[in-house]
Amino acid sequence: MQSMTAPQAIRTTCPYCGVGCGVLATVAESGEVKVSGDPLHPANFGRLCSKGAALAETLGSEGRLLHPVVDGAQVTWETALDRVADGFNKVIAEHGRNAVAFYVSGQLLTEDYYVANKLMKGFIGSANIDTNSRLCMSTAVAAHKRAFGADAVPVCYEDVEAADLVVIVGSNYAWAHPVLYQRLVAAKKSRPDMRVVVVDPRRTATCDIADLHLAIAPGSDAYLFNGLLHHLRREDALDLAYVEQHVEGFAAAFEAARAVDSIPAVAQACGVPETDVGEFFRLFARTERCVTIFSQGVNQSSSGVDKANSIINVHLATGRIGRPGMGPFSVTGQPNAMGGREVGGLANQLAAHLDFSDAASVDLVRRFWDAPNIAQDPGLKAVDMFQAIADGKIKAVWIMGTNPVVSMPDADRVRAALMGCELVVVSDCAQQTDTTACADILLPAAGWGEKDGAVTNSERRISRQRSFQPAAGEARPDWWIITQVAQRMGFAAAFAYTRPAQIFREHARLSGFENPGKRAFDISALADLDDTHYETLQPLQWPFNERSPNGTQRLLVDGRFYTPNGKARMTAIAPRLPAVATDADFPLVLNTGRIRDQWHTMTRTGKVPRLNAHQFEPFVQVHAQDAEACRLQDGGLARLSSRHGSMLARVQLSQDQRIGSVFAPMHWSETYAKSSRVDSLVAPITDPISGQPESKHTPVRVEPYLPAWQGFVLSRNRLELSGAGYCACSQGDGYWRHELAGDMLPEDWRAWARASQAGAGEWMEFHDAAMGRYRAARVQDGRLESVFFIAADHRLPEREWLGSLFAKRDLSTAELAGLLSARPPKGEASETGRIVCACFSVGEKSLVNAIKTQGLTSVEEVGAHLKAGTGCGSCVPEIRRLISKATI
Ligand code: SF4
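Note that the structure is predicted; figures quoted are calculated from it, not measured.

### What about the overall build of the chain?
Counting its secondary structure elements, the chain contains 30 helices and 36 strands. For 888 residues, the compact-globule estimate of 2.2 N^0.38 gives 29 Å, and the chain sits close to it at 27 Å. A principal-axis box enclosing the C-alpha atoms of the chain has dimensions of 80 × 65 × 55 Å. In the chain, which comprises 888 residues, the proportion classed as buried is 64%. Relative to all contacts within the chain whose residues are 6 or more apart in sequence, the contacts with residues 24 or more apart total 70%. About 31200 Å² of surface is accessible on the chain, with carbon and sulfur atoms providing 49% of the total. Side chains of the chain carry 91 positive and 98 negative charges; the gap between the two charge centres is 2 Å.

Spelled out as structure tokens, the structure:
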């Protein structure tokens, strides 16, 4: 822990996505924290995206879980830890070791993950520990193991820049991995001959730099890559010498690919024009330096492992792997998804890239841990784990740093399962999440900037997260909480750690234990790292051992794989379409995903007004043709229903949607929006190998939701507003925004508004019962406290000027006069509109206005005038679109 007063930059790592950007955090004497990109970190070289740049604004104790809580009452740590240990021991004694489970997170640091896994698998003796990375990249892990014999990501970030062709499959790379995308943008700019192909049913911001976008039918990826394999052979574009020497399974894989043996057949199977398929195949055939990036669009599928292997197949068949600028590249979603894979955080893994497939591996870990009761078999994967909780087979569960009531498929059932579970322990930074609401015991975990440990990014690079401020309240690091429980459960000797460096050393030792090069993950060169060296550890890529004393930029360079015979395995792929097809009742395909400025279930990014300003409500994007068929209006509300649940969302018409598909983000929880958890619709259908859910393909029905009233309320504090079936809350600058709708009209609007808040002040009101309009404002000592706007439908005034009034100490007479009409006094306010550039808070209206009045025709010109797009760059695709729309 550094001095609180020294204005010295602490080198740490961003806690959001798998890019793993280096961050400099500077703490001023006043305690104010400033954050910037670390220019020396090889993942980002100083860049940060909008989320990373706003990290300092997420700090502070607001919304934090500050004390241990048992059955709703604050208790001491001693009491809480005893209760957890006793509760788990009791369930184990009565029902056996498989009656307990841990559900952990890619947000945990490697040291936290290591001890959680060691406790469950090594000492409790069950493998019922799974991680939310199951929902994110377990498919890629399974595909790597099937092809390479190990979960070995061969590629590094520089390969993406060095490639002549970058194929991006099922990834909105621009928003989900923004800094990597910006590196690609810069590379393409400096080498204009570089080609980018995006394969995605949806036209996303990533297509901004695409030379070709293949908007394939949802789930048809394996047809495309099987077809490509066939095409490459026909065009004599395979590296048969490489295949002969380093690959097995080619004949069977090729035979399976024959099913789509022509460009027209592929085009038909994928629902895209033949010319586009032909262009992609020709580009791939003639471009040796090719990286294929894949992510959730491939992974979150009932045939995800096959899809990933169909991608890997074409790289193996062309020998485009293990060399600069080439290879299949699975980019991970979470900051430490890769670290979780290293320690064995998935229920089917054991530890250190060993699994349960052979007794020798189990025996190796048993001896290393001195753990006679070690688990012998894989545990339950996430979906099965929550089903076992629902069935009463698992009676005690400890959820660490994640929010499954929002993020798991069939989320309503997950909540019901937890509500019915005998013992639910949740350790988290956030006090109020949909999952903490189900907990019997709450344990406050230290957050980013308060804890020390390691994370591994998508290119196998281990970086340190370092603390730079004291923990909020009584929060403690996860590794400490877990080891304290382990000690109380009777395993004191094996969990006698006093600092994370000890855990890291043990983890490093295990990676090299009896590992003469057979296991890819090996950081044994760090096994004797002293505490000082641990503190100053520089980012490095594994393997890091005697054979690779400087770390390893690229894997599989010598054509030797981690299989028994050293050869890679091509897999015969029989493409399968998604498990459940659309039908007359549920005719549209729901695709779920991320948006630009939010992270996971918004427990941190939801605290930052400028990150909420880009999209402040749950929404569903629909193609105009589908909207017409479903009678949906742009800006109106819609109800989405599947066989598993329903949700409400604001309709956004978008030509970017494939006809027949709709998109809704995964971020909104009950905490931020009533009735808008998208995962309550998603079926708990999983890939048979990886267990990863099919989150990209849920048949749904979308209907207009026509409530009796709609409205919005802006107020200094968050309000409980009765009678609103739909209520989306977001934090603005100095106020809370509530977007509302309800089926029942209150008897008296006046009483309704006044019941929502205590406090003195003067009320101004307007009521037109015939038109269904009610407007009110409360002003106290010249300051605006709240405004209420109710209407019969969604046609309501702009919120922007009203929101800006919360920053004023005294409202002028003219401002007071304009309150209930939501009209600013003449000349006082120029509207900026919905925020497009989060870095410099530049809104859509300002942009369109400048583009039109100044005649701006390029992103560079817009940047020069308004600075928009010159920060992290994530808004550039949107600015480019505004330019082309305004100049049509
Ligand atoms: Fe953080 Fe990812 Fe953004 Fe980098 S790209 S700053 S790791 S969220």
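### Some points on the sheet that holds strand 12 (residues 290-294)
The strand order across the open sheet formed by five strands is 10-9-8-12-13, and the pairing between neighbours is parallel. Looking along the sheet, the strands with just one partner apiece sit at the ends: strand 10 (212-214) and strand 13 (327-330). Mean inter-strand twist for the sheet, computed between neighbouring axes without regard to direction, equals 15°.

### Re the side chain of Gln615
Take Gln615: it is sitting in the loop between helix 23 (609-612) and strand 24 (619-622). In this structure Gln615 comes out as buried when scored by relative accessible area, which is 12%. Once residues lying within four places of it in the same chain are set aside, the contact partners of Gln615 are Ile595, Gln652, Trp668 and Arg834.

### Description of helix 3 (residues 110-124)
If you check helix 3, its first and last C-alpha atoms are 20 Å apart, about what 15 residues at 1.5 Å a residue would give, namely 21 Å. Along helix 3, the largest kink reaches about 25° and is centred on Lys118. Judged by how many residues are buried, helix 3 sits mostly within the fold: 15 of 15 residues are covered.

### Here we look at the packing of helix 8 (residues 221-234) against helix 12 (residues 274-286)
One can describe the packing of helix 8 onto helix 12 by two numbers: an axis separation of 10 Å at closest approach and a directional angle of 55°. Between helix 8 and helix 12, the angle is such that the two are oblique. Helix-helix and strand crossings are classified by hand; for helix 8 and helix 12 the assignment is right-handed. On helix 12, the residues that touch Leu224, Phe225, Gly227, Leu228, His231 and Leu232 of helix 8 are Phe280, Phe281, Arg282, Phe284 and Ala285. Looking at the contact of helix 8 with helix 12, its residues break down into eight nonpolar, two polar and one charged.

### Overview of the site of the ligand
Cys14, Tyr16, Cys17, Val19, Gly20, Cys21, Leu48, Cys49, Lys51, Gly52, Pro178 and Val179 make up every residue found near the ligand. Where the shell around the ligand is concerned, the elements lending two or more residues are helix 1 (50-53) and helix 7 (178-190). Looking at the shell around the ligand residue by residue, the classes come out as nine nonpolar, two polar and one charged.

### Quick notes on the pairing of strand 19 (residues 453-456)
Two faces belong to every sheet, and in a regular strand the side chains alternate between them. Judged by which residues are buried, strand 19 turns out to be covered on both faces: Gly453 and Val455 on one side and Ala454 and Thr456 on the other are all buried. In the sheet, strand 19 pairs with strand 20 (residues 461-465) via four bridges, with the strands oriented antiparallel. Within strand 20, the residue paired with Val455 across the bridge is Ser463. Hairpin connection between strand 19 and strand 20: a loop of four residues separates the two successive antiparallel strands, and Arg460 in this loop has a positive phi of roughly 65°.

### Some thoughts on the pattern of salt bridges
Scanning the entire structure with this criterion turns up 54 salt bridges. Measuring nitrogen to oxygen at the nearest pair gives 2.8 Å for the salt bridge that ties Lys145 to Asp355. Here Asp355 lies in strand 15 (residues 354-355) and Lys145 lies in helix 4 (residues 138-148), a separation of 210 residues in the sequence. The buried category is assigned to Asp355, whose relative accessible area is 16%. The network of salt bridges with common partners includes Arg596, Asp597, Arg834, Glu844 and Glu878.

### Considerations on the nonpolar core
Membership of the largest hydrophobic core comes to 148 residues, with the highest contact counts inside it found for Phe280, Leu316, Trp752 and Phe788. If you tally residues by element for this core, the top one is helix 14 (residues 304-317), at seven residues. With residues up to four places along the chain from it excluded, the contact list for Phe788 reads Phe712, Val713, Leu719, Leu721, Trp752, Ala753, Ser756, Gln757, Trp763, Tyr774, Arg775 and Ala776. Membership of the second largest hydrophobic core comes to 59 residues, among which are Ala127, Val343, Ala352 and Leu354.

### Notes on the sheet that holds strand 3 (residues 33-37)
The strand order across the open sheet formed by three strands is 1-2-3, and the pairing between neighbours is antiparallel. On the outer flanks of this sheet lie strand 1 (9-13) and strand 3, each paired with one strand and no other. For this sheet, the mean angle separating the axes of adjacent strands, direction not counted, is 30°. With five bridges connecting them, strand 2 (residues 22-27) and strand 3 associate as antiparallel partners. The residue bridging Leu24 from the neighbouring strand is Ser36, located in strand 3.

### Concerning the packing of aromatic side chains
The tally for this structure, following the rule as stated, stands at 28 aromatic pairs. Between Phe225 and Phe280 the ring centres are 6.1 Å apart and the planes differ by 80°, which places this aromatic pair in the edge-to-face class. One end of the pair, Phe225, is in helix 8; the other, Phe280, is in helix 12, with 55 residues separating them in the sequence. Residue class for Phe225 comes out buried when judged on its relative accessible area of 0%. Among the aromatic side chains, those forming a connected cluster through ring pairs are Trp709, Trp749, Trp752, Trp763, Tyr774 and Phe788.

Conventions used here
Residues numbered from 1 in each chain as written. Predicted model: local features only at pLDDT ≥ 70, side-chain atom pairs only at ≥ 80, totals over all residues. Heavy atoms only, no water. Helix = DSSP H or I, 4+ residues; strand = E, 2+ residues; numbered from the N terminus. Rg over C-alpha atoms; globule rule 2.2 N^0.38 Å. Buried < 20%, exposed > 50% of the residue type's maximum accessible area, 1.4 Å probe, protein only. Contact = heavy atoms within 4.5 Å. Areas by Shrake-Rupley, 256 points an atom, 1.4 Å probe, with all protein chains shown as cover. Lys, Arg positive; Asp, Glu negative; His and termini not counted. Charge placed at Lys NZ, Arg CZ, Asp CG, Glu CD. Pairing = 2+ DSSP bridges. Axes fitted to C-alpha atoms, helices over the stretch in contact; angles between N-to-C directions. Expected span 1.5 Å × (residues − 1). Bend = angle between axes of the 7 residues up to and from the residue. Parallel < 35°, antiparallel > 145°, perpendicular 65-115°, else oblique. Left-handed = near helix turned anticlockwise from the far one by under 90°. Nonpolar A, V, L, I, M, F, W, Y, C, P; charged D, E, K, R; others polar. Near = heavy atom within 4 Å. Salt bridge = Lys/Arg side-chain N within 4 Å of Asp/Glu carboxyl O. Core = buried A, V, L, I, M, F, W, Y, C linked by side-chain atoms within 4.5 Å. Phe/Tyr/Trp six-rings, centres within 6.5 Å; stacked < 30°, edge-to-face > 60°.

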